[in-house]
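So you can see what is in the structure, the chains are spelled out below.
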Amino acid sequence: MHSIVVRGGRRLSGSVTVEGAKNSALKLMAAALMARGTSRISNVPDITDVDIMSEVLVGLGARVERSDHSLGIDTGDVTSFEAPYEMVARMRASISVLGPLIARLGEARVAMPGGCNIGSRKIDMHIRGLEALGVEVEIGHGYIHATTPGGLIGADVTLDFPSVGATENLLMASALAKGRTVIENAAREPEIQDLADFLNAMGARISGAGTPVIEVEGVEALHPAEHRVVGDRIEAGTYLIAGAIGGGPVTVSGFNPTHLDMVLTKLERVGCDLERHPDGVTIALHRRASCVDVQTLPYPGFPTDMQPQFMTLMATADGSCVVTENVFENRFMFADELVRMGADIRIEGHHALIKGVTELSGAPVRSPDLRAGAALVLAGLGADGETLVGDTHHIERGYERIVEKLASLGADIRRVEDATLKGV
Ligand code: EPZ
């Protein structure tokens, strides 16, 4: 087990390039199951969630070969339709194989994904939507067992909430359904568009991805395809906030700035100078940040995956503000860790009331989840003294080489084996 030790106060400048989006790559890997043969996916991040999804695919009978940041996924021998508990329990995104298995094999048996530190992570919308497509779903003994006695039939499905995962599973299942499917109140995240682009390259007939209404004309079969994963807008936003905390100028490349519009708008209100480029953004902050209210919403609203990082920036900003979390029911756990570093944050329901303090003080903290862990590393960049961030396996699920990338910007940061720690 590792921890990350950060000594704060260093000025950060320079440039970093983000990897392909974790929250697209995992679904593209699942979608590869839908075509017999070998699909190739490039710009895949080197993170543990990709390792786990590779194991899930191999467990289903696929062969996955990896070179540098590319995957070759040969699904010729996929015969099993079961994603076992030990896999799904390690990564709830494994639920993304549900739609592809039903589409390819007509049956799926997937362990119910557990909740996690940010919320219950229900899947009722996935199930209701699949049932509308003619899927019969039985839930028991911790498993979802889906069958299609009458085959997949296109239908009109309206989601109660624009769920990313539900939209993706329905998109994949409907691609091979008989007839037309319309998904209303669909999620609009750029990762949804990336998945639709890959499915269309495989021969699907999808239109409207990225808008609230997605139309799918089912086809008989899909064929393997090649695809480059869209740049990771959340990884990019994380390094942009590092640039604000460290002063900058910091250039973050490898992503489409329009995918972060709301975040960039808020950072400009905070007082950051931003320069947009075709494949990235340069950020600098020449004064103390100003407190700005934020509320998380489905895309194109402020992304919930940027909420912890933004709260860290607000912790030492001038004034008071409110951060409202509308997407997950329990995504403020890490605020207590910031308070241990001297932040003045009070949680009231799904609002975090923040009063900016002049400086945080370094302290041992723990990462409750992926984005919170990254946010605590960011807090250490600006804190007085050393911060020890524990449980960094959460961070490594979604951030490739975060220590190396921040060090390349001038941060005093290192990874240490927990066993060697004698307190910091
Ligand atoms: C995806 O999760 C991302 N994960 C999350 O990123 C991200 O925060 C989330 O979308 C929102 O953008 C991956 O793509 C692997 P949802 P997902 O379905 O699909 C409720 C990260 O840090 N809901 O849009 O699970 C659910 O409980 C992770 O990279 C139901 O009630 O998100 C949640 O409160 C964290 N019933 C809300 O909707 C359902 O059937 C949003 O969930 C489905 C969801």
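Residues numbered from 1 in each chain as written. Predicted model: local features only at pLDDT ≥ 70, side-chain atom pairs only at ≥ 80, totals over all residues. Heavy atoms only, no water.

Undergrad: Please explain the overall build of the protein as it appears in this structure.
TA: If you tally the helices and strands in the protein, you get 14 helices and 24 strands. Here the protein has a C-alpha radius of gyration of 21 Å; the compact-globule value for 424 residues is 22 Å, and the two agree. Its C-alpha atoms give the protein principal-axis dimensions of roughly 65 × 40 × 40 Å. The buried share among the 424 residues of the protein stands at 58%. A separation of at least 24 residues holds for 72% of the contacts in the protein among residues at least 6 apart in sequence. For the protein, the exposed surface amounts to about 15800 Å²; the carbon and sulfur share of it is 48%. Of the side-chain charges in the protein, 39 are positive and 55 negative, and the distance between the mean point of each set is 3 Å. (Helix = DSSP H or I, 4+ residues; strand = E, 2+ residues; numbered from the N terminus. Rg over C-alpha atoms; globule rule 2.2 N^0.38 Å. Buried < 20%, exposed > 50% of the residue type's maximum accessible area, 1.4 Å probe, protein only. Contact = heavy atoms within 4.5 Å. Areas by Shrake-Rupley, 256 points an atom, 1.4 Å probe, with all protein chains shown as cover. Lys, Arg positive; Asp, Glu negative; His and termini not counted. Charge placed at Lys NZ, Arg CZ, Asp CG, Glu CD.)

Undergrad: Mind showing me how you'd approach the site of the ligand here?
TA: The environment of the ligand is made up of 24 residues, and the closest members are D124, M125, S163, D305 and V327. In this structure, G165 approaches the ligand through a main-chain N or O atom, which is 2.8 Å from an oxygen atom. Look at the ligand: alone it shows 820 Å² of surface, and the protein chains cover 88% of it. Every element with two or more residues in the shell around the ligand is listed here: α1 (22-31), α5 (124-132), α6 (164-175) and α12 (370-382). By residue class, the composition of the shell around the ligand is nine nonpolar, five polar and ten charged. (Near = heavy atom within 4 Å. Polar contact = N/O pair within 3.5 Å; in protein donor to acceptor, adjacent residues only side chain to side chain. Nonpolar A, V, L, I, M, F, W, Y, C, P; charged D, E, K, R; others polar.)

Undergrad: Would you explain empty space enclosed by the protein in this entry?
TA: The rolling of a water-molecule-sized probe over the atoms marks out the regions of remaining empty space. This structure, assessed with the given rule, holds one cavity of 30 Å³ or more. As a volume, the largest cavity reaches approximately 30 Å³. Every residue lining the largest cavity is listed: A21, K22, N23, E191, D232, R233, I234 and R371. Secondary-structure elements contributing two or more residues to the lining of the largest cavity are α1 and α8 (233-246). Residues belonging to the lining of the largest cavity are distributed by class as follows: two nonpolar, one polar and five charged. (1 Å grid on protein atoms, 1.4 Å probe; cavity = no way out; pocket = protein on both sides within 12 Å on 5 of 7 lines; lining within 4 Å. Points joined across faces, edges and corners; volume = space filled by probe spheres on them.)

Undergrad: Before we go on, may I ask you to explain the pairing of strand β20 (residues 344-348) in this structure?
TA: Remember that side chains alternate between the two faces of the sheet whenever the strand is regular. Across five bridges, β20 lies against strand β21 (residues 351-355) in antiparallel orientation. Pairing of D344 across the sheet is with K355, part of β21. Hairpin connection from β20 to β21: two residues lie between these consecutive antiparallel strands, with G349 at a positive phi of about 65°. (Pairing = 2+ DSSP bridges.)

Undergrad: When you look at the sheet that holds strand β24 (residues 412-417) in this model, what are you seeing that I'm missing?
TA: Within a sheet, each strand pairs with its neighbour through backbone hydrogen bonds, oriented either parallel or antiparallel. Strand order in this open sheet of four strands is β22-β23-β1-β24, and the pairing throughout is mixed. Strands at the two margins of the open sheet, each flanked by one partner only, are β22 (364-366) and β24. Neighbour to neighbour, the strand axes of the sheet diverge by 25° on average, direction disregarded. Direction of pairing for β22 relative to strand β23 (residues 386-390): parallel, over a ladder of three bridges. Across the sheet, the residue bridging to R366 is G390, located in β23. (Axes fitted to C-alpha atoms, helices over the stretch in contact; angles between N-to-C directions.)

Undergrad: Looking at this structure, how should I read the pairing of strand β8 (residues 136-140)?
TA: As paired elements, β8 and strand β9 (residues 143-147) share five bridges and run antiparallel to each other. Within β9, the residue paired with G140 across the bridge is Y143. Linking β8 to β9, which pair antiparallel, is a turn of two residues; within it H141 sits at a positive phi near 50°.

Undergrad: Before we go on, may I ask you to explain the pattern of salt bridges in this structure?
TA: Should their charged atoms come close, side chains of opposite charge can pair. Applying the stated criterion across every chain yields a total of 30 salt bridges. K405 is paired through a salt bridge with E19; the nearest N and O atoms lie 2.7 Å apart. You can see K405 sitting in helix α14 (residues 402-408) and its partner E19 sitting in the loop between β2 (12-17) and α1, a full 386 residues away along the chain. Taken individually, K405 and E19 each receive the classification buried, so the pair is uniform in this respect. If you follow the salt bridges from partner to partner, you end up with E19, E235, E400, R401 and K405 in one network. (Salt bridge = Lys/Arg side-chain N within 4 Å of Asp/Glu carboxyl O.)

Undergrad: I'm lost on the sheet that holds strand β14 (residues 226-228) in this one. Help?
TA: In spatial order, the strands read β4-β5-β3-β14; together these four strands make up an open sheet with mixed pairing. Because the sheet does not close on itself, it has two edges, and the strands there are β4 (63-67) and β14. Taking the axes of each pair of neighbouring strands and ignoring which way they run, one obtains an average angle of 15° across the sheet. By the bridge criterion, five bridges tie β4 to strand β5 (residues 70-74) in an arrangement that is antiparallel. Bridge pairing in β5 places R66 opposite L71.

Undergrad: Would you mind going over the state of the cysteines with me for this structure?
TA: The bond known as a disulfide is covalent and runs between the sulfur atoms of two cysteines. Inspection of every chain in the model, using the stated rule, returns zero disulfides. In this structure C272 is not part of a disulfide, and its nearest cysteine sulfur, from C291, lies 13 Å away. (Disulfide = S-S within 2.5 Å.)

Undergrad: Explain the layout of surface pockets to me, please; I cannot follow it from the model alone.
TA: Of the volumes computed, that of the second largest pocket is approximately 400 Å³. Taken together, 22 residues line the second largest pocket, and the ones lying closest to its centre are A244, I245, G246, T316 and G382. At the level of secondary structure, the elements contributing two or more residues to the lining of the second largest pocket comprise α8, α10 (307-315) and α12. For the lining of the second largest pocket, the element with the highest residue contribution is α12, accounting for four residues.

Undergrad: Is there a simple way to explain the packing of aromatic side chains in this structure?
TA: Within a pair of aromatic rings, the relevant descriptors are the distance that separates the centres and the angle that separates the planes. Using the criterion set out here, one finds one aromatic pair in the structure. Seen in terms of ring centroids, F302 and F310 are 5.4 Å apart; in terms of plane orientation they differ by 70°. Their pairing is edge-to-face. For F310, a relative accessible area of 0% corresponds to the buried category. Sitting over the ring of Y143, R109 keeps its end group 4.1 Å from the ring centre. (Phe/Tyr/Trp six-rings, centres within 6.5 Å; stacked < 30°, edge-to-face > 60°. Lys NZ or Arg CZ within 6 Å of the ring centre and 35° of its normal.)

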